[in-house]
Amino acid sequence: MGGGGQLTGPDTRRAGGVYTWEEVQSHNIRNDQWLVIDRKVYNITQWAKRHPGGFRVISHYAGEDATEAFTAFHPDPTFVQKFLKPLQIGELAATEPSQDRNKNAAIIQDFHTLRAQAESEGLFRARPLFFCLHLGHIMLLEAFAWLMIWHWGTNWILTLLCAVMLATAQSQAGWLQHDFGHLSVFKKSRLNHLLHKFTIGHLKGASANWWNHRHFQHHAKPNVFRKDPDVNMLSIFVVGSTQPVEYGIKKIKHMPYHHQHQYFFLVGPPLLIPVFFHIQIMHTMISRHDWVDLVWSMSYYLRYFCCYIPLYGLFGSLALITFVRFLESHWFVWVTQMNHLPMDIDHEKHRDWLTMQLQATCNIEQSHFNDWFSGHLNFQIEHHLFPTMPRHNYRLVAPQVRALCEKYGIPYQVKTMWQGLTDIVRSLKTSGDLWLDAYLHK
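Summary of the structure given here. (Residues numbered from 1 in each chain as written. Predicted model: local features only at pLDDT ≥ 70, side-chain atom pairs only at ≥ 80, totals over all residues. Heavy atoms only, no water.)

**Let's talk about the overall build of the protein chain**
- Looking only at helices and strands, the protein chain has 17 helices and seven strands in total.
- Taking 2.2 N^0.38 as the reference for a compact globule, 442 residues should give roughly 22 Å; the C-alpha atoms of the protein chain span a radius of gyration of 23 Å, in line with that estimate.
- Expressed along its principal axes, the backbone C-alpha trace of the protein chain runs to roughly 75 × 55 × 45 Å.
- Across the 442 residues of the protein chain, 54% fall into the buried class.
- Restricting to contacts in the protein chain with at least 6 residues of sequence separation, those with at least 24 account for 71%.
- Summed over all atoms, the accessible surface of the protein chain reaches about 20600 Å², with 64% contributed by carbon and sulfur.
- Charged side chains of the protein chain number 40 positive and 34 negative; the gap between the two group centres comes to 5 Å. (Helix = DSSP H or I, 4+ residues; strand = E, 2+ residues; numbered from the N terminus. Rg over C-alpha atoms; globule rule 2.2 N^0.38 Å. Buried < 20%, exposed > 50% of the residue type's maximum accessible area, 1.4 Å probe, protein only. Contact = heavy atoms within 4.5 Å. Areas by Shrake-Rupley, 256 points an atom, 1.4 Å probe, with all protein chains shown as cover. Lys, Arg positive; Asp, Glu negative; His and termini not counted. Charge placed at Lys NZ, Arg CZ, Asp CG, Glu CD.)

Structure follows, in structure tokens:
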């Protein structure tokens, strides 16, 4: 049997060891990390630093079974095997179950069967025309916004209309870069990566690597504190039902949390993209010396200022892009938070993939407008279960997912758009009230 918790690297433990789950779970600290994929045990301690998705996302599964996450994130497992093989140090003992902790083996098997069925039905194959048309309508919006100002002038009404059109183009480009980032458009990962850099860099002025390292953590462990960066609220908000009570008991009061459902309108939607994300993206690219992404990002700003400085001057162009980011930020925050913020937010509970994703996500009713407005993230459940599936196929797999959830009594929530948006504010108020009660009485 493999030895306990000592630090071992792939060079000192070649494939051949036999381990128990207890031994695997003991290797879950930053400088000593093992994980299991398809019953094979891998030492990822050194590899984690070179992982294309970032070291955090793979480290979140240290000491755990990562089979379902590995399958979800990698459209070509055969290609990835050449990186995994040198890291293998052994396998699970024959007496050990395939799943760790108290995960339901039947759910895992049935979900595996569902995924195999979706693959056989071609639901992981993209329609190139869909994405070409989507890119085309983004570029048309940008072109018409500029031509309108160039031809008719810079009065307030036309400027406002231009800002709305640019914000729409930015939001839709955000959904498109999301498709490329998840490798859901092309069979070749290289083409997805290239178009991802073009879309998020040249069309939006952001960074592909920053997005990858942040967003994949969210998918790997949605709504899990210290693992999902989307629930790291920097003590500005308390979310869920656990964190508010913990803060209240410890008498932590960085903000008047019982009013967070009110100051959310001033701090959340208006500032996330134009302030927080902008600073974080620039800091990340420069601190990590990510010059390729920085060049892509600067190409967006060069194009924008070359187009709009002749029309508005430097100050006017800066004011316009700030207002565009302000509008885009509202769009982004409301769409992304309506699927997650009202759901279960807690510490790590080591659930199986289906249960974990369903407790952290919900859907919004399907319609042509909702599909377009949210980039098909109204099918957030299906997107989280199958992140590499092209978004135009979510509606086709949704009935099968719903049937599987019904079989095991797992709630599958579908809301109206209005209910989804109002639930954001309601959940913030509920969390704030929990904090106040704990702060005053516990």
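**Some remarks on the nonpolar core**
- By size, the foremost hydrophobic cluster in this structure holds 80 residues, and its most contacted members are Leu320, Trp353, Leu354, Leu385, Phe386 and Val401.
- The next biggest cluster of nonpolar side chains, apart from the first, holds 24 residues, and it includes Trp175, Val238, Trp334 and Leu341. (Core = buried A, V, L, I, M, F, W, Y, C linked by side-chain atoms within 4.5 Å.)

**Some points on the sheet that holds strand S3 (residues 32-37)**
- One open sheet accounts for five strands, arranged S1-S5-S4-S3-S2; its pairing is mixed. Edge positions in the open sheet fall to strand S1 (17-19) and strand S2 (28-29), since each of these has one partner strand only.
- Direction of pairing for S1 relative to strand S5 (residues 88-92): parallel, over a ladder of three bridges. When the sheet's bridge partners are listed, Tyr19 is paired in S5 with Leu92. (Pairing = 2+ DSSP bridges.)

**Examining the side chain of Asn393**
- As for its position among the elements, Asn393 is in the loop between helix H15 (380-385) and helix H16 (394-408).
- Apart from residues lying up to four places away in sequence, Asn393 is in contact with Gly122, Leu123, Phe124, Arg125 and Arg127.

**Thoughts on the packing of helix H6 (residues 128-152) against helix H12 (residues 291-337)**
- Taken N-terminus to C-terminus, the directions of H6 and H12 make an angle of 20 degrees; their axes are 10 Å apart at the nearest point. Comparing their axes, H12 and H6 come out roughly parallel. Here the hand of the crossing between H6 and H12 comes out left-handed. For the pair formed by H6 and H12, the contact residues are Glu142, Ala145, Trp146, Ile149 and Trp150 on the first element and Arg303, Cys307, Tyr308, Leu311 and Tyr312 on the second.
- Within the contact of H6 with H12, the residues separate by chemical class into eight nonpolar, no polar and two charged. (Axes fitted to C-alpha atoms, helices over the stretch in contact; angles between N-to-C directions. Parallel < 35°, antiparallel > 145°, perpendicular 65-115°, else oblique. Left-handed = near helix turned anticlockwise from the far one by under 90°. Nonpolar A, V, L, I, M, F, W, Y, C, P; charged D, E, K, R; others polar.)

**Topic: the packing of helix H8 (residues 189-202) against helix H9 (residues 208-220)**
- H9 packs onto H8 with a crossing angle of 105 degrees between their chain directions and a minimal axis gap of 9 Å. One way to sum up the angle between H8 and H9 is to call them roughly perpendicular. Contact with H8, carried on its side by His196, Lys197 and Ile200, involves Ala208, Asn209, Trp211 and Asn212 of H9 and no other residues of that element.
- When its residues are assigned to classes, the contact of H8 with H9 shows three nonpolar, three polar and one charged.

**Section: the pattern of salt bridges**
- One pass over the structure, following the stated rule, counts 19 salt bridges.
- Put simply, Lys227 and Glu348 hold a salt bridge, and the shortest N to O gap is 2.9 Å. You can see Lys227 sitting in the loop between H9 and helix H10 (243-249) and its partner Glu348 sitting in the loop between H12 and helix H13 (353-360), a full 121 residues away along the chain.
- Taking the shortest distance from any N to any O, the salt bridge between Asp344 and Arg351 comes out at 3.3 Å.
- Each of Glu64, Lys221, Lys227 and Glu348 takes part in salt bridges that share partners, so that together they form one network. (Salt bridge = Lys/Arg side-chain N within 4 Å of Asp/Glu carboxyl O.)

**Section: the environment of Leu436**
- Inspection of the secondary structure assignment puts Leu436 in helix H17 (residues 417-441).
- The sequence separation of Leu436 and Val401 amounts to 35 residues, and the corresponding C-alpha distance is 38 Å.

**Regarding unusual backbone geometry**
- Of note in this structure, Asp38 is not a glycine but carries a positive phi near 50 degrees.
- For Asp38, a relative accessible area of 49% translates into the label partly exposed.
- A positive phi angle, near 60 degrees, is found at Lys251, a position not held by glycine.
- Within the element layout of this structure, Lys251 appears in the loop between H10 and helix H11 (260-287).
- Looking at Lys251, the relative accessible area reads 39%, which means it is partly exposed.

**Remarks on the pairing of S3**
- Within S3, six of the six residues are buried, which leaves it mostly tucked inside the rest of the structure.
- With two bridges connecting them, S2 and S3 associate as antiparallel partners. Note that in S3 the partner of Asn28 across the bridge is Gln33.
- What sits between the antiparallel neighbours S2 and S3 is a turn of two residues.
- Counting the residues that bridge the hairpin from S3 to strand S4 (residues 40-43) gives two residues, and of these Asp38 lies at a positive phi of roughly 50 degrees.

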